[in-house]
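Here's the letter readout for the chains.
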Amino acid sequence: TCLNYFSCSFSNVPDGFHCSSQGQFPLTQNVTVVEGGTANLTCRVDQNDNTSLQWSNPAQQTLYFDDKKALRDNRIELVRASWHELSISVSDVSLSDEGQYTCSLFTMPVKTSKAFLTVLGVPEKPQISGFTSPVMEGERMQLTCKTSGSKPAADIRWFKNDKEIKDVKYLKEEDANRRTFTVSSTLDFRADRSDDGVVVSCRVDHESLNSTPQIARQVLEIHYTPSVKIISSSSWPEEGQSIVLTCESKGKPLPEPVLWTKDGGELPDPERMVVNGRDLRISFLNKTDNGTYRCEATNPIGQNSTEYVLIVHDPNALAGQTGPDHALIGGIVAVVVFVTLCSIILLGRYLARHKGTYLTNEAKGAEDAPDADTAIINAEGSQVNAEEKKEYFI
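The chain is annotated in an unreviewed UniProt entry as Cell adhesion molecule 2 from Chrysemys picta bellii. In its Subcellular location (unreviewed entry) section, the UniProt record describing the chain reads: "Membrane". Regarding the chain, the relevant UniProt record gives this comment under Sequence similarities (unreviewed entry): "Belongs to the nectin family."

K.L.:
Break down the pattern of salt bridges for me, citing the residues and quoting the values.
P.N.:
It is possible for side chains of opposite charge to pair when their charged atoms get near one another. Inspection of every chain in the model, using the stated rule, returns 21 salt bridges. Here Asp97 makes a salt bridge to Arg75, at a shortest N to O gap of 2.7 Å. Taken as a pair, Asp97 in the loop between β9 (85-90) and β10 (99-105) and Arg75 in the loop between β7 (68-69) and β8 (76-81) lie far apart in primary sequence, 22 residues in all. For Arg75, a relative accessible area of 23% puts it in the partly exposed group. Salt-bridge contacts for Asp195 lead to Lys160; the nearest nitrogen and oxygen are separated by 3.3 Å. With Asp195 in the loop between β18 (181-190) and β19 (199-205) and Lys160 in strand β15 (residues 155-160), the pair connects residues that are 35 residues apart, well separated along the chain. The exposure class assigned to Asp195 is buried, which follows from its relative accessible area of 8%. The network of salt bridges with common partners includes Arg157, Glu164, Lys166, Arg203 and Asp205.

K.L.:
Which residues make up the sheet that holds strand β24 (residues 273-276), and what are the values?
P.N.:
Strand order in the open sheet formed by five strands is β13-β21-β22-β25-β24, with mixed pairing between adjacent strands. This sheet does not close on itself; its edge strands, each paired only once, are β13 (135-136) and β24.

K.L.:
Before we move on, could you go through the sheet that holds β19 and cite the residues and values that matter?
P.N.:
With antiparallel pairing, four strands are arranged side by side in an open sheet as β16-β15-β19-β20. Either end of the sheet is taken by a strand with one partner, and the two such strands are β16 (163-165) and β20 (214-219). For this sheet the average axis-to-axis angle between neighbouring strands, irrespective of direction, equals 30°.

K.L.:
An account of the environment of Pro58 is requested, with residue identities and associated values reported.
P.N.:
As for its placement among the helices and strands, Pro58 is situated in the loop between β5 (53-56) and β6 (62-65). The exposure class assigned to Pro58 is partly exposed, which follows from its relative accessible area of 36%. The spacing of Pro58 and Gln100 is 42 residues in sequence and 5.1 Å in space, taken between C-alpha atoms.

K.L.:
Kindly report on the environment of Met141, identifying the contributing residues and their values.
P.N.:
Tracing the sequence through the fold places Met141 in strand β14 (residues 140-150). Looking at Met141, the relative accessible area reads 4%, which means it is buried. Considering only alpha carbons, one finds Met141 and Leu187, 46 residues apart in sequence, at a separation of 7.9 Å. Not counting residues up to four positions away in its chain, the partners in contact with Met141 are Phe131, Val135, Leu187, Asp188, Phe189, Ala191, Leu220 and Ile222.

Calculation rules
- Residues numbered from 1 in each chain as written.
- Predicted model: local features only at pLDDT ≥ 70, side-chain atom pairs only at ≥ 80, totals over all residues.
- Heavy atoms only, no water.
- UniProt positions renumbered as here; feature names shortened; annotations may be inferred.
- Salt bridge = Lys/Arg side-chain N within 4 Å of Asp/Glu carboxyl O.
- Helix = DSSP H or I, 4+ residues; strand = E, 2+ residues; numbered from the N terminus.
- Buried < 20%, exposed > 50% of the residue type's maximum accessible area, 1.4 Å probe, protein only.
- Pairing = 2+ DSSP bridges.
- Axes fitted to C-alpha atoms, helices over the stretch in contact; angles between N-to-C directions.
- Contact = heavy atoms within 4.5 Å.

Set out below in structure tokens:
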């Protein structure tokens, strides 16, 4: 038998079958390399009867003929030359090196194999534009991320503190060399105080980066009016105790200091009511301290305030309230007794009004009597069976 690389035909030779190597083809593979890297081009022949091999570039210029260099290009070097293989390398590959390279086996006729060299354009480090610091809360922001020189076109993704943002605009443009692309993406949103200090990242992914994306970052600075909250050191302040009211204020720029007032005016007792930064401390509480305390915070963006109603409790009254409410129990008992007495009186009056003996209309004499009394008198005189027809009601 003969290998597929050989052309075979019948002849008059004793074995009746003749094979030659004239039908053999060289073997090559396509190559992908990053711009600036090194491309290795290999051509192999499994069976070769001293036939020469040659590599040529896309312009059909001979690079190597066997082990002899034909093109003056210092970037091209011989890796291996034999009857079965011709391998060369191209260093510092540029985009212009991309194309179809040819390996030729000089049989009759010449056999060739093609290898396509793909050169990847590395995207430039991305840049974020459109941010001016600071940004006021509520303003609209448009951040643009751009990268050039990618081949094929790179992919751009946006993140806020490592959380990806979807639904962003994407634009791809061909560069002047008509080989690479400039890619840009715009992130459009309205500034919020929650965005202050957030890191916005623009990430460029491309096959030439070997799974190591290029990233540009921008820290957001958002200015906003203060938010104010009062926190009390005691949930049940009592007379004689002390209490600290803390005014928590957040804003950008930070509001400092805060302003404390009571019932719309200044603090009435500066000796017992001491302000230290954001804290208001009131010593030896008494009933006169009851009222509405207001904390106000201001920064260059605006002003905000909140209120706290202070109620000072009597510790003795608090102790009395720990047992049963005897007044409430006594009131309930009085109502029950009153309702019972009223029921008894009404029932007695009803029974008194309906006490007596009555005859039904069946008693003899009732038909002729003009009234009930006459009917009774008539019935008592002579009717023997009248007694049986009496009905008693109580």
